[in-house]
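Survey of secondary and tertiary structure
Each chain is listed here by its residues.
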Amino acid sequence: MFAKAFRVKSNTAIKGSDRRKLRADVTTAFPTLGTDQVSELVPGKEELNIVKLYAYKGDAVTVYVSGGNPILFELEKNLYPTVYTLWSYPDLLPTFTTWPLVLEKLVGGADLMLPGLVMPPAGLPQVQKGDLCAISLVGNRAPVAIGVAAMSTAEMLTSGLKGRGFSVLHTYQDHLCPEGRQLDIKKSSYKKLSKFLQQMQQEQIIQVKELSKGVESIVAVDWKHPRITSFVIPEPSPTSQTIQEGSREQPYHPPDIKPLYCVPASMTLLFQESGHKKGSFLEGSEVRMIIINYAKKNDLVDADNKNLVKLDPILCDCILEKNEQHTVMKLPWDSLLTRCLEKLQPAYQVTFPGQEPIVKKGKICPIDITLAQRASNKKVTVVRNLEAYGLDPYSVAAILQQRCQASTTVTSAPGAKDSLQVQIQGNQVHHLGWLLLEEYQLPRKHIQGLEKAPKPGKKK
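About the thresholds
- Residues numbered from 1 in each chain as written.
- Predicted model: local features only at pLDDT ≥ 70, side-chain atom pairs only at ≥ 80, totals over all residues.
- Heavy atoms only, no water.
- Helix = DSSP H or I, 4+ residues; strand = E, 2+ residues; numbered from the N terminus.
- Rg over C-alpha atoms; globule rule 2.2 N^0.38 Å.
- Buried < 20%, exposed > 50% of the residue type's maximum accessible area, 1.4 Å probe, protein only.
- Contact = heavy atoms within 4.5 Å.
- Lys, Arg positive; Asp, Glu negative; His and termini not counted.
- Charge placed at Lys NZ, Arg CZ, Asp CG, Glu CD.
- UniProt positions renumbered as here; feature names shortened; annotations may be inferred.
- Pairing = 2+ DSSP bridges.

On to the overall build of the protein. In terms of regular secondary structure, the protein is built from 14 helices and 23 strands. On C-alpha atoms alone, the protein measures out to a radius of gyration of 29 Å, which is more than a quarter above the 23 Å that the 2.2 N^0.38 rule sets for 460 residues. Its C-alpha atoms put the protein at 105 × 60 × 40 Å along the principal axes. Here the protein holds 460 residues, and the buried ones make up 42% of them. Sequence separation of 24 or more characterises 55% of the internal contacts of the protein that already satisfy a separation of 6 or more. A gap of 5 Å separates the mean positions of the 56 positive and 45 negative side-chain charges of the protein.

Have a look at this one:
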């Protein structure tokens, strides 16, 4: 909504009666806020302005600005908090997590698609379609966007986390944010603006120049400075732990991964008798039982040799190659079942503890461990596809950095949309294998590249 510049219609100080009404509206819209918190959000005497504006699509929006920062906005009689407000009250809304690379797209006006969600160990928050939600990034609990759920949590899981998940209304760094980039120096330890600017310039966070006599201006900001990039919302105080009880991070438990088969259009005739249609998902045991029942029901078991099955026109069309149509009349049971499974489309089901199963077509990509050469012929270990197993690349990188005593970085995985990779200095496959197999208890069959660990006695 604020991805592009808006037009301000009016900017006026709020009246006493409107201030009281706003407090009442906030209490109604956000019942989890206590009386003291509402009074803190909508102060009784401090400056509070009502800004009426038109968004770039023509929507009439009312923004409430306190101390120079937008704290709330109203659209079609619905009240929404800004990211500034959520930084003070991060548990005001159910929060979903996405990858840092997605933020740029959200700021540009995109909605949040379900493939971009990160599945936490404790599962997704329970919401209904139309519920207001916050969006945060992996590694930082400070919300960066606000949106409306396009479907319920149950529907998200049923869809296999595909499609549009949230209609994004407002993000950090959109055009509503510049309206609030102000700091009350009097409430800080600096007390004076000149001292604050001097300190920030000494730390090379900003550059200040006197563009006109007696007027100093900030001409540059290093947004990549560690003091800025490392900023996070502090953990809640002990008094607020009861609010956090439901969202507290849970220990990692590996998902249950089950291979499935999907019925393609070319095999619908074979499976329709059992009540399955194109796109149905089946387990291997179900496929075998359906084929066995089909053969017995249609009297296809060879009378002279019970190990052979006669092929009727439907079986011929479904499992035989063109050059076999007039030459292969019977098949052994194991060959028949193997061919049926090979003709079905691969799929899989992932079930995280306490969550509904997620079913997807194709084969699940294994966690991929590779070795690469970097500058000065230095060897690095690269691991990809952690997200498919509910693992946070940033958390994995932090653990490996401590265990291996080596530098780690998290970057975008080449050729993979919205996916990250972890890079560790040196050959750390042994440590990575320990973490995935022993600590996270992931099955070895879902990890590729463990054989690249250095052999005993050899230099890493």
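So, next bit.
Let us now look at the UniProt feature "domain: DM2" (unreviewed entry) in the protein. When the UniProt feature table is mapped to this numbering, "domain: DM2" (unreviewed entry) covers residues 259-343. The span residues 259-343 shows a helical share of 42% and a strand share of 14%, and its end C-alpha atoms are spaced 15 Å apart.

Turning to the environment of M267, a few remarks are in order. Within the secondary structure, M267 sits in the loop between β13 (256-262) and α9 (268-271). Using a relative accessible area of 0% as the deciding quantity, one classes M267 as buried. Placed 52 residues apart in sequence, M267 and I319 show a C-alpha to C-alpha distance of 8.5 Å. Once residues within four sequence positions are removed from consideration, M267 is found in contact with C318, I319, C340, K343 and L344.

Attention now goes to the pairing of strand β2 (residues 48-54). In terms of burial, β2 is a largely internal element, 5 of the 7 residues being buried. One ladder, built from 6 bridges, connects strand β1 (residues 7-13) with β2; its direction is antiparallel. Within the sheet, the bridge partner assigned to A13 lies in β2 and is N49. In this sheet, strand β3 (residues 60-66) lies alongside β2 in antiparallel orientation, the contact comprising 7 bridges. For K52, the partnering residue across the bridge sits in β3 and is T62. Between the end of β2 and the start of β3, which pair antiparallel, lie 5 residues, with G58 showing a positive phi angle near 100 degrees.

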